[in-house]
Amino acid sequence: CIFRPIAAGPRQGKTVLAQHSDIADPDTGGSYTVKKYDSDFVVVDGERRGSVTLRPLNPDFDPIVIRSADGDVRIVAELVRVLE
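Residues numbered from 1 in each chain as written. Predicted model: local features only at pLDDT ≥ 70, side-chain atom pairs only at ≥ 80, totals over all residues. Heavy atoms only, no water.

So, the overall build of the protein chain
When helices and strands are tallied, the protein chain shows zero helices and six strands. Looking at the protein chain as a whole, 25% of its 84 residues qualify as buried. Sequence-distant contacts, at least 24 apart, represent 44% of the contacts inside the protein chain between residues at least 6 apart. Accessible area for the protein chain stands at about 5900 Å²; split by element, carbon and sulfur atoms hold 48% of it. (Helix = DSSP H or I, 4+ residues; strand = E, 2+ residues; numbered from the N terminus. Buried < 20%, exposed > 50% of the residue type's maximum accessible area, 1.4 Å probe, protein only. Contact = heavy atoms within 4.5 Å. Areas by Shrake-Rupley, 256 points an atom, 1.4 Å probe, with all protein chains shown as cover.)

Here is the structure:
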């Protein structure tokens, strides 16, 4: 996989490399994942509320939902291309 750093701004619908302390790869125990980014946030009384859903491209896996109360997900990079 080839990634590029992702600047601040819209990430909606992009396939990203994400890191969060609550994500645990069942094989490696790592806290990184490659998923499609989907967010649903609103600002209420100056506070950001909502969630980020990291959706797998493989239907055999479940999406990862991270609510604002669970902490922030760190988007490390955007997927550019997969080499085969």
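So, the nonpolar core
Counting nine residues, the largest nonpolar core consists of Ile 6, Val 16, Ala 18, Tyr 37, Val 52, Leu 54, Ile 66, Val 73 and Ile 75. Elements that contribute at least two residues to this core include exactly strand E2 (15–19) and strand E4 (47–55). Setting aside its immediate chain neighbours within four residues, Val 16 contacts Ile 6, Thr 33, Val 34, Lys 35, Tyr 37, Ile 75, Ala 77, Glu 78 and Leu 79. (Core = buried A, V, L, I, M, F, W, Y, C linked by side-chain atoms within 4.5 Å.)

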